[in-house]
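Listed below are the residues making up each chain.
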Amino acid sequence: MGYGEKRGDYWRARYKIAPGKYGTLADENGDTVRFRTKRAAEQAAEEEEAKVRGGRWHDPSGGQITFGEYASRWYAGQDLAASTMQNYRRHIEEHLLPQFNDAEVGAITKLDVDAWVKLERERGYAPSSIKTWRSTLHLILGDAVEEGLREVNPAAKRRGRGKRAGRSRNRGPEKVITDALGILLIGERAALLSGRDDEFVACVAKGYTGMRWGEVVGLETQFIRSAAVRVEWQLYELDTGELHRCPPKDDSYRTIDTPEWLSVLLARHVSRKKAEPCSCHGLTYAFSGHGTANGALRRPGAKLADVARRAGVSTGTVSNVLNRPDTVPEATRLKVEAAVAELGYVRNGAIGKEADHWRRSGFGSWLFHPATTGLYPRRAPYDAHPVPLLAEPWPGLPARGRGASQRAEACWVPIAPGLTPHGLRHTHKSIMEEMGTPPKLMDERLGHEDGSVQSRYSHVTPAMRRRLMEALTEQWEEALALRRKMAPGSPVAALDELLKPPQKPDPGRAIPRSSPNFLPRPPKKRIRAGLPQGKTGPDLLFHQSGWRDLNPRPLRPERSALPSCATPRCNEDYSSGPGAWDEIAFLRGAATVQVRR
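Residues numbered from 1 in each chain as written. Predicted model: local features only at pLDDT ≥ 70, side-chain atom pairs only at ≥ 80, totals over all residues. Heavy atoms only, no water.

Caption draft 1: Quick look at the overall build of the protein chain. Regarding its fold elements, the protein chain presents 21 helices and 14 strands. Expressed as a percentage of its 597 residues, the buried residues of the protein chain come to 38%. Sequence-distant contacts in the protein chain: of pairs separated by 6 or more residues, those separated by 24 or more amount to 61%. By element, 51% of the accessible surface of the protein chain is carried by carbon and sulfur atoms, the whole surface being about 35500 Å². (Helix = DSSP H or I, 4+ residues; strand = E, 2+ residues; numbered from the N terminus. Buried < 20%, exposed > 50% of the residue type's maximum accessible area, 1.4 Å probe, protein only. Contact = heavy atoms within 4.5 Å. Areas by Shrake-Rupley, 256 points an atom, 1.4 Å probe, with all protein chains shown as cover.)

Take a look at the structure:
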């Protein structure tokens, strides 16, 4: 039971914390609260003791720990994904500790938090970023409240408080999307900038599957199936440069159906690439990085500068001899060629091995952004400038090397300014919305989870999947037709194969029986169902579509598995005896029946 204790000219409140342990009521600064009367001290002591019994009391001395000490202890106690731990650490070290490091946890007030938010806003940070940092602060101080280090969370934001004007302007801009033709053209440009097919195949796959960036980078060849792509892992890039292999976001493991043409595109890419296991994980991935691996330029071997030094010319002259020999005097050209032979210089040989994986910033800045806008990004001291192009073949080849801008003959027009790699995921969702795809199927492909009652009672059927694949194929074929009108071919090998018009089979050419495209020709006269009158027919062949069965290797299902597509008349007349059903084969979805004596 609490009591009042006389201390000179004032009374203090004493309350029981634990058996044999009493505490003194103190204010937020840790100073003893002084009462003028014994009765007032006793009432305050009883109220504090009631908090102890109700589990609402916190130790005032515990809040005297500094925020920096508590944040370090709090961070060490977390067991979360590597990406989340990285983000928390960045928020704490770069934004929270500079303001609250030396402040006591129990002394931080709501006014202190509001002042910090205002200061971050004045520094030019985006409102969405400040909101994220405040959420981290709220999480830390919330755990401090649960530990009894303070009574309330000063970082909690009451609804309906704050300035209402300008809230709509604080919202982030709407994501830029494109269409099927835009996906194709952006992928083609990205492949031209990189000089290989990886970027084209990756952009098309991302636009038609809706996979996240980390899931595309972490797509292993073993998870590319004949009609689907399995999402099992992603590669998340940490601040240290390490690519961390971890499960997909929110454990969104899933199998994404792919149209037949996309499955063929991925299979051909993997077959041509013949990728080797990466050095960081020892696994084989469908796509590799663009550019050289770290330290590649320091590897042994003759370089362009060595050739220039041996020949006594500039590196630009050596580059001209290798790329435009007709522009160099013959004597100089012979001298450079002799130096190349003496040093054993291999063109592009000193570049070394490609990087194992894409880096988000490098892919976005130097491949995807120029492909969507036609501009290289601003990099001090250079401003943003158009991608210099050689006009032929269409859509142009990026000019490289010294004086590329002077040699340029054309530049690209923008396709979708502001589009990001993640915008292709939004594009896939928007395309499915246009097609009327059921929300359940869209969530399945994107790796989302809807906990509503409507979602629980909705299910994906094979017919839904089939309609979506047909619609995606139709859009892709329309995009290819439009691209074919712009130019019949492409410098990108993977796209050039797709642009070739499909060859029509020669009706006069015999197709071997072993070919999967073999289909018997129709007879001159259709054969009606059942046996002709007066004939038993030792080897009568009948096909429902009216075509003769020339399949030499029919399937042999169980008798109980007789298909319902067989005519009722045949089932009644020849269900037993010498004319019983003996063999059933399936050819292109139609039942073929062979009757033997």
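Caption draft 2: Up close: helix H12 (residues 315-323). Regarding H12, the residues found buried are Gly316, Val318 and Val321. Packed against the buried residues of H12 are helix H11 (304-311) and helix H13 (330-343).

Caption draft 3: Spatial organisation of the packing of helix H3 (residues 82-100) against helix H4 (residues 110-122). The interhelical angle for the contact between H3 and H4, taken along N-to-C directions, is 130 degrees, at an axis separation of 11 Å. One finds that H3 runs oblique with respect to H4. Regarding H3 and H4, the two cross each other, and that crossing is right-handed. Between H3, through His95, Leu96, Gln99 and Phe100, and H4, the contact on the second element is made entirely by Asp112, Val113, Trp116, Leu119 and Glu120. Its residues assigned to classes, the contact of H3 with H4 comprises 5 nonpolar, 2 polar and 2 charged. (Axes fitted to C-alpha atoms, helices over the stretch in contact; angles between N-to-C directions. Parallel < 35°, antiparallel > 145°, perpendicular 65-115°, else oblique. Left-handed = near helix turned anticlockwise from the far one by under 90°. Nonpolar A, V, L, I, M, F, W, Y, C, P; charged D, E, K, R; others polar.)

Caption draft 4: Spatial organisation of a negative patch on the surface. A cluster of acidic residues, Asp250, Asp251, Glu449 and Asp450, forms a negative patch on the protein surface. With respect to the helices, strands and loops of the structure, Asp250 is situated in the loop between strand S6 (243-246) and strand S7 (254-257). (Patch = residues over 30% accessible without salt bridge, like charges linked within 9 Å, V, L, I, M, F, W, Y side chains within 5 Å. Salt bridge = Lys/Arg side-chain N within 4 Å of Asp/Glu carboxyl O. Lys, Arg positive; Asp, Glu negative; His and termini not counted. Charge placed at Lys NZ, Arg CZ, Asp CG, Glu CD.)

Caption draft 5: Looking closely at the nonpolar core. Grouped together as the largest cluster of nonpolar side chains are 65 residues, with contacts concentrated most on Phe200, Val204, Tyr208, Leu219, Leu266, Phe287 and Trp476. The dominant element in this core, judged by the number of residues it contributes, is helix H7 (residues 180-194), at 10 residues. In this structure Leu219 touches Met211, Ile224, Val229, Arg230, Tyr285, Ala286 and Phe287, once residues within four positions along its chain are discounted. Counting residues in each nonpolar core, the second largest holds 22 residues, with Tyr70, Ile92, Phe100 and Val117 among its members. (Core = buried A, V, L, I, M, F, W, Y, C linked by side-chain atoms within 4.5 Å.)

Caption draft 6: Looking closely at the environment of Thr461. Its location among the elements puts Thr461 in the loop between helix H18 (453-456) and helix H19 (462-486). The partly exposed category is assigned to Thr461, whose relative accessible area is 32%. Remark: the alpha-carbon pair of Thr461 and Leu441, spanning 20 residues in sequence, is separated by 8.9 Å.

Caption draft 7: Broad picture of the side chain of Ser455. In this fold, Ser455 is placed in helix H18. Exposure remark for Ser455: the relative accessible area of 8% places this residue in the buried category.

Caption draft 8: Fine view of the packing of aromatic side chains. One pass over the full model with this rule turns up 13 aromatic pairs. Ring centres 5.0 Å apart and planes at 90 degrees place the aromatic pair Tyr208 and Trp261 in the edge-to-face group. Taken together, the positions of Tyr208 in helix H8 (residues 198-209) and Trp261 in helix H10 (residues 260-273) put the pair 53 residues apart, joining distant regions of the chain. Exposure remark for Tyr208: the relative accessible area of 0% places this residue in the buried category. (Phe/Tyr/Trp six-rings, centres within 6.5 Å; stacked < 30°, edge-to-face > 60°.)

Caption draft 9: Spatial organisation of a positive patch on the surface. Together, Lys118, Arg121, Lys131 and Lys157 line one region of the surface with positive charge. Relative to the helices and strands, Lys118 resides in helix H4.

Caption draft 10: Looking closely at the environment of Thr132. Within the secondary structure, Thr132 sits in helix H5 (residues 127-146). Sequence-wise, Thr132 and Asn87 are 45 residues apart; in three dimensions their C-alpha atoms are separated by 10.0 Å.

Caption draft 11: Highlighting the confidence of the model for the protein chain. Here the protein chain averages 79 in pLDDT, and 76% of its residues register 70 or above. In the predicted structure, residues 523-597 sits below a pLDDT of 50 and forms 101 contacts with residues beyond four places in sequence or in another chain. (pLDDT = per-residue confidence, 0-100.)

Caption draft 12: Highlighting the sheet that holds strand S2 (residues 10-18). Strand order across the open sheet formed by 3 strands is S1-S2-S3, with antiparallel pairing between neighbours. At either end of the open sheet lies a strand with only one pairing partner, and these are strand S1 (3-7) and strand S3 (21-24). Direction aside, the axes of adjacent strands within the sheet are offset by 40 degrees on average. Relative to S2, S1 runs antiparallel, the two sharing 5 bridges. Its bridge partner being in S2, Arg7 is matched across the sheet by Tyr10. Docked against the sheet, helix H1 (residues 38-54) engages S1 and S2, running at close to 20 degrees with respect to S2. (Pairing = 2+ DSSP bridges.)

Caption draft 13: The arrangement of helix H14 (residues 360-373) in detail. Along H14, the helix axis deviates most sharply at Leu367, where the bend reaches about 30 degrees; the proline Pro370 sits within four residues downstream. If you check which residues of H14 are buried, you get Phe363, Ser365, Leu367, Phe368, Pro370, Ala371, Thr372 and Thr373. Just downstream of H14 lies Gly374, where phi reads positive at about 80 degrees. (Bend = angle between axes of the 7 residues up to and from the residue.)

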